[in-house]
Amino acid sequence: MKEKLKSVLILIPVFICIGCQGEIGMNQDGTYLGRFSSLPIIKDYLNQKVADKGFGGKAYCAYEVLDAEKSGTSERLYLWAVCQEYHRKNQKLEAGTGSSSPVALTIRKENEKVEVLGHQKPGIGSQYRPSLEAMFSKKALVSANSMKNERIFKLQNAVRQEAGVPLINVKK
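Peer 1: Where do I start with the packing of aromatic side chains in this structure?
Peer 2: Aromatic ring pairs are reported here in terms of the distance separating the ring centres and the angle at which the planes meet. Counting across every chain of the model gives two aromatic pairs. Between the aromatic rings of tyrosine 78 and phenylalanine 136, the centroid separation amounts to 5.1 Å while the plane-to-plane angle is 65°, which identifies the pairing as edge-to-face. Here phenylalanine 136 lies in the loop between helix H3 (128-135) and helix H4 (138-145) and tyrosine 78 lies in strand E4 (residues 74-89), a separation of 58 residues in the sequence. Given a relative accessible area of 4%, tyrosine 78 falls into the buried group. A relative accessible area of 6% places phenylalanine 136 in the buried class.

Peer 1: Teacher, can you tell me more about the side chain of glutamine 84 here?
Peer 2: The residue glutamine 84 is located in strand E4 in this model. In this structure the side chain of glutamine 84 is engaged in a polar contact, spanning 3.0 Å, whose partner is the backbone oxygen of glycine 96. Looking at glutamine 84, its side chain comes within polar contact range of the main-chain oxygen of threonine 97, at 3.3 Å. Apart from residues no more than four positions distant in its own chain, glutamine 84 is found in contact with Lys58, Ala59, Tyr60, Ala95, Gly96, Thr97, Gly98 and Val159.

Peer 1: Looking at this structure, I do not really get the sheet that holds strand E6 (residues 113-120). What am I missing?
Peer 2: Pairing between the strands of a sheet comes from backbone hydrogen bonds, and it takes one of two forms, parallel or antiparallel. The strand order E3-E4-E5-E6 describes an open sheet built from four strands, whose pairing is antiparallel. Looking at strand neighbours, the two that pair on one side only are strand E3 (58-71) and E6, the edges of this open sheet. Each neighbouring strand pair of the sheet contributes to a mean axis angle of 30°, computed without reference to strand direction. Pairing between E3 and E4: 13 bridges, direction antiparallel. By the bridge assignment for E4, cysteine 61 is matched with cysteine 83. On the sheet, H3 packs against E4, strand E5 (92-110) and E6 and is oriented at approximately 35° with respect to E5.

Peer 1: Just to check I follow, could you spell out the pattern of salt bridges for this structure?
Peer 2: Once their charged atoms are close, side chains differing in charge can pair, the charge on each being opposite to the other. Scanning all chains against the criterion turns up five salt bridges. Between arginine 151 and glutamate 64 there is a salt bridge, and its shortest N-O distance comes to 2.5 Å. Here arginine 151, found in helix H5 (residues 149-163), pairs with glutamate 64, found in strand E3; they are 87 residues apart in sequence, far enough to count as distant. Taking the relative accessible area as the measure of exposure, glutamate 64 reaches 12% and is therefore buried. Here arginine 129 and glutamate 133 are joined by a salt bridge, their closest N and O atoms 3.0 Å apart. Linking arginine 129 with glutamate 133, this pair stays in helix H3, spanning four residues, or about one helical turn. Residue glutamate 133 is classed as partly exposed on the basis of its relative accessible area, which comes to 41%. Because the salt bridges share partners, they merge into one network encompassing Arg108, Glu110 and Glu115.

Peer 1: Can you walk me through the nonpolar core in this structure?
Peer 2: As a rule of thumb, soluble globular proteins bury nonpolar side chains together. The biggest cluster of nonpolar side chains holds 20 residues, and the ones touching the most others in it are Leu66, Trp80 and Phe136. Setting aside residues no more than four positions away along its own chain, phenylalanine 136 makes contact with Leu66, Tyr78, Leu79, Pro102, Val103, Ala104, Leu141 and Ala144. Val65, Leu79, Cys83 and Leu105 belong to the second-largest nonpolar core, a separate cluster that totals 19 residues.

Peer 1: Is there a simple way to explain H4 in this structure?
Peer 2: One turn of the α-helix equals 3.6 residues, which is why residues spaced by three or four share an orientation. Among the residues making up H4, those that are buried are Ala140, Leu141, Ser143 and Ala144. The buried residues of H4 occupy an angular sector of 165° when the element is viewed end-on, so they sit on one face. Every exposed residue of H4 that faces more than 90 degrees away from the buried side is listed here: Lys138 and Val142. Where H4 is buried, its residues touch E3, E4, H3 and H5.

Parameters at a glance
- Residues numbered from 1 in each chain as written.
- Predicted model: local features only at pLDDT ≥ 70, side-chain atom pairs only at ≥ 80, totals over all residues.
- Heavy atoms only, no water.
- Phe/Tyr/Trp six-rings, centres within 6.5 Å; stacked < 30°, edge-to-face > 60°.
- Helix = DSSP H or I, 4+ residues; strand = E, 2+ residues; numbered from the N terminus.
- Buried < 20%, exposed > 50% of the residue type's maximum accessible area, 1.4 Å probe, protein only.
- Polar contact = N/O pair within 3.5 Å; in protein donor to acceptor, adjacent residues only side chain to side chain.
- Contact = heavy atoms within 4.5 Å.
- Pairing = 2+ DSSP bridges.
- Axes fitted to C-alpha atoms, helices over the stretch in contact; angles between N-to-C directions.
- Salt bridge = Lys/Arg side-chain N within 4 Å of Asp/Glu carboxyl O.
- Core = buried A, V, L, I, M, F, W, Y, C linked by side-chain atoms within 4.5 Å.
- Arc of directions from axis to C-beta.

Structure follows, in structure tokens:
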């Protein structure tokens, strides 16, 4: 009887933890997976509203979810986004304006319709750190501060692949 009770007591916290995750959890590589993190609408929003297009070209973005906070039908996604514009010059595809930065998105799902309500990016110069701390969760801040070159190169290569541009070789 004591062994069965021990087994039950051990399994209860496991089931509670699994239940707490809901639709938000970690990917196998340690990155965050929110309910809406794999939707094309996110990439489209980044391409259209977050990426800069200083040369009149087409923007491509890739992102990693650093954290997510759920609140009813909405979710706050904390991302690291790499965006690059490509434009044609002398019949050749060239890079234009690009960025690699943290972005916070607010997303809502209502009646099976998902929409991005808006985004925030940190300020520039001396406003960067205070604005980042105000807009990001503590967990997202830790993850953003630990962005390694390999992770950013992976995002850059995802953008380059989508644009049809040769990939970057990264030596370790």
